[in-house]
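Spelled out, the chains give:
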2 protein chains.
Amino acid sequence: MASRLSHIAKISDFLRKHKLSVTESRKQILKLFIEQPGALAHADIEKKTGERFDRVTIYRTLQTFLEKGIIHSIPTSDNSVLYALCKENCSEGRHVDHHIHFICTICQNTYCLDETNTPDIKLPKGYRLNRLEVVAEGTCKNCI
Amino acid sequence: MASRLSHIAKISDFLRKHKLSVTESRKQILKLFIEQPGALAHADIEKKTGERFDRVTIYRTLQTFLEKGIIHSIPTSDNSVLYALCKENCSEGRHVDHHIHFICTICQNTYCLDETNTPDIKLPKGYRLNRLEVVAEGTCKNCI
DNA sequence: TTAATTTTGCAACATAGTTGCTTTTAGATA
DNA sequence: TATCTAAAAGCAACTATGTTGCAAAATTAA
């Protein structure tokens, strides 16, 4: 399989590596994430899988993938949740996320900009920083 | 009225300035925002006004305040919407927002850090930036 | 004070997400 | 390969959140 993501060679093996049983929904949904350049919402997944899977199954699959560090969630300004594949340095419980997210206001896609690291932020005295989420909005390279 | 925000002297006058009729719900909700150091969710407003106003009224009031540039919304990682007062340079249709938002994981409050400007971000070639949203997560000065 | 306009509250609806339970499927074992 | 067990899927019901249309009430203008 010619994968966009070098760390996922074969879907079944990848699932087994994460101690997940290999089911049709997990394979299909994971495949979607690999083929998709941008992030996906629950509704996208429902549509793109041809509504073959129950809403609940999709919710639970996403939850499982989140917990295993396979995907991460992205907050958006219109308050929907998006999900995108993690890189290999993410693991169960610990999501290592130093990239920023980019929403294209033309094509409405959301991309993880892996090349762009989150900046250093100097907080006012007394604040301690744990995590930083940067969401950029504008026009992507395909729509410019 | 000793206001935390210099640009709002008297609530009724402030509402009239924005061509809004002065109603009980608008006064109460605006007062909440002025007294509150952090941001507010719809549910907070419902509770803090003693459930005197209909859910729909609160939604519509927030919508009106957003449109008039009186408040702005803040996306959160758990996908709820928060609202906070704008500074005086915001106006109808145009929200001028160069500060970052801070979520305290202890007290669960969200603050606008007006002292901390959003950083300069260098996007990959081909991307054009319109808006930048930075949400920091950690411990606030009251909880440290 | 009255009339026109705006806003509120209510009911009904829509959408997103959750939970409990039963059936089905996957993986292990004989 | 058949059988057993554990995990996952599907279904129904429910909750939370947000929206829309409309009648009643409140606000503003005359």
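Structure shown above.
This report concerns the structure included in the present document. Please read these numbers as outputs of a predicted model, since none were measured by experiment. (Residues numbered from 1 in each chain as written. Chains lettered and ligands numbered in written order. Predicted model: local features only at pLDDT ≥ 70, side-chain atom pairs only at ≥ 80, totals over all residues. Heavy atoms only, no water.)

A look at the interface of chain A and chain B
Link 1 in the chain: Listed as interface residues are 35 residues of chain A and, on the opposing side, 35 residues of chain B.
Link 2 in the chain: Carbon and sulfur atoms make up 59% of the surface buried where chain A meets chain B, a total of about 3,000 Å² over both sides.
Link 3 in the chain: Looking at the side of chain A facing chain B, the largest losses of area belong to A:Asn79, A:Tyr127 and A:Arg128, adding up to 20% of the total buried there.
Link 4 in the chain: The tally of links from chain A across to chain B stands at two salt bridges.
Link 5 in the chain: Here B:Glu137 and A:Arg131 are joined by a salt bridge, their closest N and O atoms 3.6 Å apart.
Link 6 in the chain: Here the side of chain A that touches chain B takes twelve residues from strand β6 (residues 128-139) of chain A, the largest share from any one element. (Contact = heavy atoms within 4.5 Å. Buried area = accessible area lost by both parts, 1.4 Å probe. Salt bridge = Lys/Arg side-chain N within 4 Å of Asp/Glu carboxyl O. Helix = DSSP H or I, 4+ residues; strand = E, 2+ residues; numbered from the N terminus.)

Describing the nonpolar core
Link 1 in the chain: Counting 24 residues, the largest nonpolar core has A:Phe102 and B:Phe102 as its most contacted members.
Link 2 in the chain: Within the residue set of this core, elements represented by two or more residues are β4 (99-104), β5 (110-117) and β6 of chain A together with β3 (99-104), β4 (110-117) and β5 (128-139) of chain B. (Core = buried A, V, L, I, M, F, W, Y, C linked by side-chain atoms within 4.5 Å. Buried < 20%, exposed > 50% of the residue type's maximum accessible area, 1.4 Å probe, protein only.)

Side note on unusual backbone geometry
Residue and element names in this part refer to chain A.
Link 1 in the chain: Despite not being glycine, Lys19 has its phi angle at roughly 60 degrees, a positive value.
Link 2 in the chain: Along the chain, Lys19 falls in the loop between α1 (11-17) and α2 (24-35).
Link 3 in the chain: Since its relative accessible area comes to 75%, Lys19 is described here as exposed.
Link 4 in the chain: With a phi angle near 55 degrees, Glu51 is a residue other than glycine that sits in the positive phi range.
Link 5 in the chain: Checked against the element boundaries, Glu51 lands in the loop between α3 (42-48) and α4 (55-67).
Link 6 in the chain: Classification of Glu51 by relative accessible area gives exposed; the value is 59%.

Quick word on the packing of aromatic side chains
Link 1 in the chain: The final tally for this structure, using the stated rule, is two aromatic pairs over all chains.
Link 2 in the chain: Taken together, a centroid distance of 4.9 Å and an interplanar angle of 80 degrees make the contact between A:Tyr127 and B:Phe102 edge-to-face. Linking A:Tyr127 in the loop between β5 and β6 with B:Phe102 in strand β3, this pair reaches from one chain into another. (Phe/Tyr/Trp six-rings, centres within 6.5 Å; stacked < 30°, edge-to-face > 60°.)

Focus on the sheet that holds strand β1 (residues 40-41) of chain A
Residue and element names in this part refer to chain A.
Link 1 in the chain: Here three strands make up an open sheet; going across it, the order is β1-β3-β2 and the pairing antiparallel. Every interior strand has two partners, whereas the edge strands, β1 and β2 (71-75), have only one.
Link 2 in the chain: Contacts from α2 reach β1, β2 and β3 (81-85) within the one sheet, and its direction differs from that of β3 by about 80 degrees.
Link 3 in the chain: Sheet strands in contact with α4 are β2 and β3, and its direction is about 105 degrees off that of β2. (Pairing = 2+ DSSP bridges. Axes fitted to C-alpha atoms, helices over the stretch in contact; angles between N-to-C directions.)

Observations concerning the sheet that holds β5(A)
Link 1 in the chain: The mixed open sheet is built from six strands, whose spatial order is β5(A)-β4(A)-β6(A)-β5(B)-β3(B)-β4(B). Across the chains shown, the open sheet's two edge strands, defined by having one partner strand only, are β5 of chain A together with β4 of chain B. Neighbour-to-neighbour, the strand axes of the sheet open up by a mean angle of 30 degrees, direction not taken into account.

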